Amino acid sequence: MSRFLAIASKYPVAVLTVVFLLTAIALCGIVDPKTGAVRLEIDPSADRLLTEDHDAREVYDRIRNLFGSDEPLVLALAGAELFRAENLERIVRLTEQLEALPEVHHVLSLATATNIKAEDDLIEIAPFLDEIPRSPAELADLRATVLANPIYGGSLLSKDGQSTALLVYFNRLSDKELIRSGIDRRIRALADQERGDLELWMSGAPHVKSRTSEALQRNFARIVPGIACIIGLMLVAAFRSFRGALLPLSTIAISLAWTLGAMGWFGHSLNLVTTIVPPLIVTLGFAYSMHVVSEYYDAARHAGPGADRRELVAQSIRDVGLPIAITGITTIAGFLSLTVNPLAAIREFGRFAVLGITFTAIVSLTFTPAMLALLPSPKRGVGAHRETPLQRFANRLSDFDFKNRGIIIGVSVAILILMAAATTEVRVSTGYINGWKESSDVRRDYNEINERLGGVNTFYVAFESPVAEAFAEPANLRELRDFQHWLRAQPEIGGATSIVDYAMLINQSLHAGNPDHFAIPATKRLAMQLYLFGASDDLDRLVDSRYQKTNLLVRTRIQDSERLATLITRIEERLKGLPPHIDSNVTGSIVLLNRTVDDIARGQVQSIAIAIGIIYLVLSAMFTSFRIGLVALFPNVLPIAIYFGALGLSGVTLNPATSLIACMALGVAVDDTIHYFARFNRDAKRAAREMPATRSALRVVIRPVTYTTAGLCLGFLVLTTSELRSHAEFGMLAALTLGAAWLIDVTLTPALCASVRIVTLWDVLRLDLGRDPHSTIELFQDLGPRQARVVALMGSLKRYPGGEKLFSEGDDAHDIAVVIDGEVGISFVRDGSRVQMSKIARGKVVGPSAMASGRRTADADALTDIRLLHITAEDMVRLRHRYPRIAAQVYRNLNRVQGQRIATLMDRIGDRWRDPFEFLPIDPSDGDSNRG
Amino acid sequence: MGRARAWFALLLSLAVASPGVASEATLEEIKQCVHENAPRKTTIQRLNANIFDRAGNDRRLVAKGYWKRFEDGLFRLLIRVEAPADLRGAAYLILEQEERSDMFVYLPAVGRVRRVNARSVSGSLFGTDFSYEDIDHLQRVSGSGTQEMGAMAMIDGRKAHVLINRPSEEYGSAYSKIDFYVDQETCVVLRADFFGEGDQLTKQMVAKTESLDRAGHTWYAREISMTDLKDQTHTEVLAEDVEVDVKIPRKMFSTSALLRRN
């Protein structure tokens, strides 16, 4: 890893060449260099948001294939004078013009809907507006006729007779093709031309999707540059130099180009969800490059003028490279969890977010240092030798954190519990229209049509029977009618049309309009003959040619997922009451979209659980302790709890966009924790105390952490300007969550660290205890190599030059020492003469009883250059808490050493009684170094 | 000229007189050939129709058609359904008038004859892919509106004249134009392309060339199909037991006969 990190400073030109080459290749994935055509497109289709429940999709596709689309574009014309001849002529003209459009399959309006009128023996079959009356009485009569029609009254014409709908059904085109054709705009133009004084509204799924696509494109063109500008300003403020701003911005631009280029090369488009990837890359790229540049500027400030540039870069990268790599891994873990989400759109987002973060980390660790290595050193250190306001704030804050750590931890736990409770109020929601703000014209038009014309949203209840001509049987038709009556009585339902309505209408007309015959045909033979007579395209949309499959078209005003789910459940329950030979399915685009709700909820739980699990494992490995891993996880889980609590309290729903925030916040927030922990650990070792380390660590990390959080928050807040509510909510919530994460990182994290000593993985990997420490150092006997290092890292390793006095007889003693390298001489003075007791070499404990007795009983001198591992009583307490098994073994070893020393001493005492004047040299292997 | 002729065209799907037309024929000659291929007085035939929906499911309809030209030169047409059993006896009677045809429907299950004023010519006939208007055009080939010749075409190895017909505005057609491919040899319409607004092909009628047959002086295609390209449905019709210029009593073409027969 170190060698990789050093490449950029050693070979900057080569690194930059490779980066620029890769960037050129990436750009070719975005724009075709030969034709200039944009490869990377925005795909507005909502298919990727639909559930992938194969059974549900299969049913929907089959029913749609047979009976046609359930998603018309809805035009509505309204006015008090709607039923005036000239306005009715407008409807006819507009219908004709719409039907002339190549994308349009047919239009259902008053100009095409068939009216069957019976008078004595005459039956008239013609559209309502086939002959437009002129006199007020005839116009009123026509209005009454339409309203009395059970199929069209209330749907094509509102109950007050002042609004009429034109339902435009399209040929079999995909969402993408339809939107690219610009049909929405053309229809609008035609409608505007014909509306006269009438009010005009437009809605329906095709319209909403078109407008959403346009909004996405506008957003993309506006928001990414907007975020980049904000970040640029932040960088100038942070570094007070344009270089300090341009370098991270270049890093961001390259990372973005690589990510978007990869999407283009793989043939992917930016969809409703993946359009959030670019802002994410911009903000994360800012964070990573900020750390690199900040570290470099700090190093330059400390080194002073004239320092070697490349060495400065190398040192900076050594210090910050591994944390960036690890923060990259943890952020990736957050997004990796999304790649198993049930929704295709979210899985895609997860994949490209992972790719983007990887690229960003690589570019930050290659391009940025390579450029720094080539550019001249900064002329002035940023904030050189003067304490900045931020650092002063950090000092006060760290003191506060240290003093009140108990309260801070307690309050944090309380917040966690409260927010967890608020999470139970979280609602999950989907829907094309939900993505729009209430004030938007898309939403307003939708509400008008929804209210006046029985509902914009439609779905199907499809019936099938294996019995031949089942839906010509009166008994089955009665079942359908009863179900339809029940359905119409539901408050959410604006209307329901089925073959029963047609059969009853035709029956009445063939019986001279007698209302008594507005009834289900009494026999199957009659029903079949009525169908023969009434054969039409309208009927084809309700029943198949064998009368074994029939469709009930339902209109509803509701678009809220929760209410729709409740309605569907109720319908499905009612459908269970049908005879066994009639199968039924509730289907339609909004039904499938509603199933997505379940997928989102399930996917969210799954994603967060996986992300937390991975991050926990990474932290535990990093800090070589599952317990410390848990401690480190707490400040990262708390922002997630706050996020879900905010959702529950604010009423903002969990939808495909907002469901991305939790994993993103987890991945991003953990970065700051790791940077803080790493710095704290280093400083705690140097100072051998936590309090100063709390302060010094916060002083160092507060600038990059604050600026990156501010940049992230401001960047996400730019999204609140989006026309799309889903993006605005995403921006607001993401900013809130990351802001909370910052607050937690500068209060809770220091409070947690104040009472721990952390051993990090890289410390363990780096620590050199010589060869086979677990077998050559008596204190580490029966410990594994890693365990030996853990013990060593709980203590403090110090070097002493040869000849240095280590301690003297009678000094206070609160630790034991282990010789790692070199030789220590133990001696004491008696009657003015120095008596050499022993020489202690590698692996021996010096003063095993001193920690208990509290006093040195001899002098110790470094006979050569030595390394001594000091372990205090406090260290042993921490070891016992953190690594109890290791501590138990260390105590056993210590007891054994003491026991051996005592035994040897007793032997010596015995010998002394025999020859009181003989001082035998003590073989170090005898262990007679009890003195010390 | 109206629906009576139109329905006749469905029955026979014919074109002009036996000798066919020369390859350099004019528009008028082709129209004349088509006209002369029509039976002089009567025709009777059984029609077997298979009607396919979007999913490819089909239902079968068998009907017998009687056509007669009266002394006033106007036509009468009776179509009586023979199968399936539930529909047996249902009948349509079309009496051509100068201005507009009178249409009557009889449904045995209702037990009464009703006069039907179907102003919508684009309505489906018996649930098939043929509309009233389609029949009218197929019968007349050259209706109201403008006609022009297109380039000669080959249909299944047979030379065909192309007549391009654009209905007049007064007709109120659902089509912007119809291209007829008239067989040079038999004057049977081998193919008809129906174009919607914007000259978009919406329907296509195709006659199986191997089913070309003759009854008396009249050529016809026994098997034809109509495909609705928008809805992706189609109807296949097989004409059987074709008799031309046989005796059919006048009283058969009356509303009372509809009731009596059933």
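Residues numbered from 1 in each chain as written. Chains lettered and ligands numbered in written order. Predicted model: local features only at pLDDT ≥ 70, side-chain atom pairs only at ≥ 80, totals over all residues. Heavy atoms only, no water.

Draft legend 1. Main features of the domain arrangement of chain A. Here the domain parsing of chain A yields domain 1 (1–39 + 218–375), domain 2 (72–203), domain 3 (391–424 + 623–758), domain 4 (441–594) and domain 5 (767–926). The straight-line distance from the C-alpha centre of domain 2 of chain A to that of domain 3 of chain A is 57 Å. (Domains from an automatic or database assignment.)

Draft legend 2. Looking closely at the packing of aromatic side chains. In the structure shown here, the tally under the stated rule is 13 aromatic pairs over all chains. Judged by centre distance (5.8 Å) and plane angle (80°), the ring pair of Phe716(A) and Phe730(A) falls under edge-to-face. Separated by 14 residues along the polypeptide, Phe716(A) in helix H24 (residues 690–718) and Phe730(A) in helix H25 (residues 725–753) bring together distant segments of the chain. Where Phe70(B) meets Phe253(B), the ring centres are 6.1 Å apart and the plane angle is 80°; that geometry is what we call edge-to-face. Separated by 183 residues along the polypeptide, Phe70(B) in the loop between strand S2 (58–69) and strand S3 (75–83) and Phe253(B) in the loop between strand S15 (233–244) and helix H4 (255–261) bring together distant segments of the chain. For the pair formed by Phe70(B) and Phe253(B), the shared burial category is buried. Here the aromatic cluster, defined as three or more aromatic residues joined through ring pairs, consists of Phe463(A), Phe483(A) and Trp486(A). A cation over an aromatic ring shows up here: Arg405(A) above the ring of Phe402(A), its NZ or CZ 4.4 Å from the ring centre. Lying across the ring of Phe195(B), Lys177(B) places its NZ or CZ 4.4 Å from the centre. (Phe/Tyr/Trp six-rings, centres within 6.5 Å; stacked < 30°, edge-to-face > 60°. Helix = DSSP H or I, 4+ residues; strand = E, 2+ residues; numbered from the N terminus. Buried < 20%, exposed > 50% of the residue type's maximum accessible area, 1.4 Å probe, protein only. Lys NZ or Arg CZ within 6 Å of the ring centre and 35° of its normal.)

Draft legend 3. The arrangement of a nonpolar patch on the surface in detail. Residue and element names in this part refer to chain A. A cluster of nonpolar residues, Val 18, Leu 21, Leu 22, Ile 25 and Trp 265, forms a patch on the protein surface that exposes about 500 Å² of accessible area. In this structure, Leu 21 sits in helix H2 (residues 12–30). Owing to a relative accessible area of 56%, Leu 21 belongs among the exposed residues under this scheme. (Patch = residues over 30% accessible without salt bridge, like charges linked within 9 Å, V, L, I, M, F, W, Y side chains within 5 Å. Areas by Shrake-Rupley, 256 points an atom, 1.4 Å probe, with all protein chains shown as cover. Salt bridge = Lys/Arg side-chain N within 4 Å of Asp/Glu carboxyl O.)

Draft legend 4. A look at the interface of chain A and chain B. Listed as interface residues are 42 residues of chain A and, on the opposing side, 35 residues of chain B. Taking both sides of the interface into account, the surface hidden between chain A and chain B amounts to around 3,500 Å²; carbon and sulfur atoms contribute 50%. Among the residues of chain A in contact with chain B, Gln529(A), Leu532(A) and Ser545(A) are the three that bury the most area, contributing 18% of the side total. With a closest N to O distance of 3.4 Å, Lys524(A) and Asp86(B) form a salt bridge. Our count for the chain A to chain B interface comes out at 14 residue pairs in polar contact (both at pLDDT 80 or more). At the level of elements, helix H3 (54–67), strand S2 (104–108), strand S4 (122–127), helix H17 (499–510) and helix H18 (524–533) of chain A are the ones that each hand at least two residues to the side of chain A that touches chain B. (Contact = heavy atoms within 4.5 Å. Buried area = accessible area lost by both parts, 1.4 Å probe. Polar contact = N/O pair within 3.5 Å; in protein donor to acceptor, adjacent residues only side chain to side chain.)

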